[in-house]
Amino acid sequence: MAEQLGFIGAGNMAQAIFKGILKTKKFAATDIHIYDPDGDKLRQLTEAYGVIGEASNIHVCTHADVLFLCTKPNVYPTIINEIKSAVDVNTVIVTIAAGQSIRRTESRFEKKIHLIRVMPNTPALVGEGMAALTANALVTDAELALVLSIFRSLGKAEIVPETLMDAVTGLSGSAPAFVFMFIEALADGAVQTGMPRTQAYTFAEQTVLGSAKMLLESGKHPGELKDMVTSPAGTTIEGVLSLEANGFRSAVADAVIAATEKSSIMGK
């Protein structure tokens, strides 16, 4: 029998994970049990994807071999207090909330648990996610391999020490929003110069996608690829210098640092 997967919370990240899992066909829809207090959302998801909607968080726990806690960080204390007695000692618990350390989560369950802390990101919805995983001492190699395979089926995933989880949150966890803003800004510039909005988004989106793919497939340093585009006295260097004059690099770096620091504060 295949492992049964449980999801407490059915928000954007939970949906990104289980929809991605379903696309891989490694799990059947009936292997996935979900609960969300929004009854309409729960009903829509069960009808659309065939996953099993449960009557409560407790019901999810009774079915799950791997339990994903997909609520907002501020709800963790309440949810864990509700389910801690119902969670089997052999259940693998996966947390995806920013700033929730392994030690803090363990203390809330008030018993020994198999715990994997993950920081995924929303591009998992289209099979291009980036996730970081770190586990406590009770997690077996097989359990970690299973959860790692789930997140690798949604894109890329790496095991990192917990000391890097706040940095991961600030980078891959938060940066999709920064990239969307960048794409929007690129399109705004094109619209200002006369390009229709819809067409501007198409050009901007494909340019960002293609640029990222060049980096991934070439293995070259970003600066080297930038220099390949930047001809002497050309249009690109003019734009690069404009970005530099407006603090582009420092603004992006500061955004990642700010998000990382926020994650660290949330974990205290």
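The numbering scheme is per chain: residues are counted from 1 as the chain's sequence reads. Reporting in this predicted model follows two pLDDT cut-offs: at least 70 for local features of residues, and 80 or more for side-chain atom pairs to be given and counted; totals over whole chains, interfaces and linings ignore these cut-offs and use all residues. Water and hydrogen atoms were dropped before computing side-chain values, which therefore reflect all heavy atoms in the structure.

### Some words on the pairing of strand β4 (residues 66-69)
Burial of β4 is two-sided: the residues V66 and F68 facing one way and the residues L67 and L69 facing the other way are all buried. Pairing between strands is defined by DSSP: at least two bridges between them are needed. Helix numbering and strand numbering both begin at the N terminus, where a helix is a DSSP run of H or I of at least 4 residues and a strand a DSSP run of E of at least 2. In the sheet, strand β1 (residues 5-8) pairs with β4 via four bridges, with the strands oriented parallel. The residue of β4 that forms the bridge with F7 is F68. Across four bridges, β4 lies against strand β5 (residues 92-95) in parallel orientation. Bridge assignment links L67 to a residue of β5, and that residue is I93. The classification of residues rests on relative accessible area computed with a 1.4 Å probe and restricted to protein chains. Under 20% of the type maximum is buried, over 50% is exposed, and intermediate values are partly exposed.

### Let's talk about the UniProt feature "domain: Pyrroline-5-carboxylate reductase dimerisation" (unreviewed entry) in the protein
Annotation from UniProt places "domain: Pyrroline-5-carboxylate reductase dimerisation" (unreviewed entry) at residues 162-264. With 83% helix and 0% strand, residues 162-264 has end C-alpha atoms that lie 12 Å from one another. UniProt positions are given in the numbering used here, feature names are shortened, and annotations may be inferred rather than shown by experiment.

### Quick word on the side chain of Q15
Summarising the element assignment, Q15 is placed in helix α1 (residues 12-24). In this structure Q15 comes out as buried when scored by relative accessible area, which is 15%. Any pair of residues with heavy atoms lying within 4.5 Å of one another is described as a contacting pair. In contact with Q15, not counting residues within four places along its chain, are A10, G20, K41, L45 and L125.

### Quick word on the packing of aromatic side chains
In this description, an aromatic ring pair is defined by two values, namely the gap between the centres and the angle between the planes. Each Phe, Tyr or Trp ring, with Trp reduced to its six-membered ring, pairs with another whose centre is within 6.5 Å; inter-plane angles below 30 degrees give stacked pairs, above 60 give edge-to-face pairs, and intermediate values give tilted ones. A full pass over the atoms with the stated rule returns five aromatic pairs. Where F7 meets F68, the ring centres are 4.6 Å apart and the plane angle is 5 degrees; that geometry is what we call stacked. Here the residue F7 occupies a position in strand β1, and F68 occupies one in strand β4, the gap between them amounting to 61 residues. Take F7 and F68: they sit in the same class, and that class is buried. The interplanar angle of 45 degrees and the centroid separation of 6.0 Å between the aromatic rings of F182 and F248 together place this pair among those described as tilted. One end of the pair, F182, is in helix α8 (residues 175-192); the other, F248, is in helix α12 (residues 248-266), and 66 residues separate them in sequence. Among the residues examined, F248 registers a relative accessible area of 32% and is labelled partly exposed.

### Topic: the pattern of salt bridges
Whenever Lys or Arg places a side-chain nitrogen within 4 Å of a carboxyl oxygen from Asp or Glu, that contact is recorded as a salt bridge. If you walk through the whole model with that rule in mind, you get eight salt bridges. A salt bridge links K41 to D36, with the shortest nitrogen-to-oxygen separation between them at 3.9 Å. Judged by relative accessible area, D36 falls into the buried class, the value being 9%. The salt bridge involving R43 is made with D40; its shortest N-O contact spans 2.3 Å. Of this pair, R43 and D40 both sit in helix α2 (residues 39-49), three residues apart, which is roughly one turn of the helix. Among the residues examined, R43 registers a relative accessible area of 43% and is labelled partly exposed.

### With respect to the sheet that holds strand β8 (residues 155-159)
The strand order β3-β2-β1-β4-β5-β6-β7-β8 describes an open sheet built from eight strands, whose pairing is mixed. A strand with exactly one partner marks an edge of an open sheet, and here the two such strands are β3 (52-53) and β8. In the sheet, β1 pairs with strand β2 (residues 32-35) via four bridges, with the strands oriented parallel. Its bridge partner being in β2, F7 is matched across the sheet by I34. Axis lines are fitted to C-alpha atoms, over the contacting stretch for helices. Their N-to-C directions set the angle, which ranges from 0 to 180 degrees. Helix α7 (residues 165-173) contacts β6 (114-119) and β7 (129-135) of the sheet and is inclined by roughly 40 degrees relative to β6.

### Let's talk about the packing of helix α4 (residues 76-83) against helix α5 (residues 102-109)
To characterise two packed helices, one gives the angle between the axes of the helices and the distance between these axes. It is the contact of α4 with α5, at a shortest axis distance of 9 Å, that shows an interaxial angle of 40 degrees. Considering their axes alone, α4 and α5 lie oblique with respect to each other. Of α5, the residues touching α4 (which contributes Y76, P77, I80 and I83) are T105, R108 and F109. By residue class, the composition of the contact of α4 with α5 is five nonpolar, one polar and one charged. Convention used here: angles under 35 degrees read as roughly parallel, angles over 145 as roughly antiparallel, angles from 65 to 115 as roughly perpendicular, and any remaining angle as oblique. Gly counts as polar in this scheme, as do all residues outside two lists: the nonpolar Ala, Val, Leu, Ile, Met, Phe, Trp, Tyr, Cys and Pro, and the charged Asp, Glu, Lys and Arg.

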